[in-house]
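# Notes for the structure review
Take a look at the letters that make up each chain.
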Amino acid sequence: MSKIKLKVGDQVRVLAGESKGKEGRILKISKDKTRAIVEGANLVKKHQKPSATNPQGGIKEMEATLHISNLSLLTKDGKTTRVGYQMQEGKKVRISKKTNEVI
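The notes below deal with the structure included here. (Residues numbered from 1 in each chain as written. Predicted model: local features only at pLDDT ≥ 70, side-chain atom pairs only at ≥ 80, totals over all residues. Heavy atoms only, no water.)

### What to know about a positive patch on the surface
Taken together, the side chains of Lys3, Lys5, Lys7, Lys31, Arg82, Lys92 and Lys97 make up a positively charged region of the molecular surface. Among the structural elements, Lys31 can be located in the loop between strand S2 (23-30) and strand S3 (35-38). (Patch = residues over 30% accessible without salt bridge, like charges linked within 9 Å, V, L, I, M, F, W, Y side chains within 5 Å. Areas by Shrake-Rupley, 256 points an atom, 1.4 Å probe, with all protein chains shown as cover. Salt bridge = Lys/Arg side-chain N within 4 Å of Asp/Glu carboxyl O. Lys, Arg positive; Asp, Glu negative; His and termini not counted. Charge placed at Lys NZ, Arg CZ, Asp CG, Glu CD. Helix = DSSP H or I, 4+ residues; strand = E, 2+ residues; numbered from the N terminus.)

Quick look at the structure:
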């Protein structure tokens, strides 16, 4: 299993699939399946039965997971970059491979 270099709250762009080109924040990461939920990307419709909390029921639109390999981190100027690691002052920090700045 490969290391996941993205974290919850990172701003990412979708590189492949139906939501290609969309940008959003990572809301949740499933490490065992190497998948992530991105805000506003890969929207699916889920049918809900009426219940006590939702007496009307209906069709709810929600985000589905995307594989980590289909996501790329965005820099401050909005360009995609790969993530690397460096030791700075005794701490391991994430850096942008494109600009060498600390993320």
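### Focus: the pattern of salt bridges
Scanning all chains against the criterion turns up three salt bridges. With a shortest N-O distance of 2.5 Å, Arg13 and Glu23 are connected by a salt bridge. Taken together, the positions of Arg13 in strand S1 (residues 11-14) and Glu23 in strand S2 put the pair 10 residues apart, joining distant regions of the chain. With relative accessibility at 23%, the residue Arg13 sits in the partly exposed group. Look at Glu23 and you get partly exposed, because its relative accessible area is 41%. Arg25 is the salt-bridge partner of Glu39, the closest N and O atoms lying 3.7 Å from each other. A residue pair is termed long-range when its members are at least 10 positions apart, and Glu39 in the loop between S3 and strand S4 (43-48) and Arg25 in strand S2 qualify at 14 residues. Judged by relative accessible area, which is 36%, Glu39 ranks as partly exposed. Overall, the relative accessible area of 36% leaves Arg25 in the partly exposed class. (Buried < 20%, exposed > 50% of the residue type's maximum accessible area, 1.4 Å probe, protein only.)

### Observations concerning the pairing of strand S10 (residues 91-96)
For strand S9 (residues 83-88) and S10, the ladder comprises six bridges, and the chain directions are antiparallel. Counted as the bridge partner of Met87 is Lys92 from S10. Between S9 and S10, which pair antiparallel one after the other, the connecting turn spans two residues, and Glu89 there sits at a positive phi close to 55°. (Pairing = 2+ DSSP bridges.)

### Quick word on the sheet that holds strand S6 (residues 65-67)
Strand order in the open sheet made by the six strands is S6-S3-S2-S1-S7-S8, with antiparallel pairing throughout. Unpaired on one side and paired on the other, S6 and strand S8 (80-81) mark the two borders of the sheet. Pairing analysis gives three bridges linking S1 to strand S7 (residues 71-74), with the strands arranged antiparallel. Opposite Val14, over in S7, you have Leu71 as the bridge partner.

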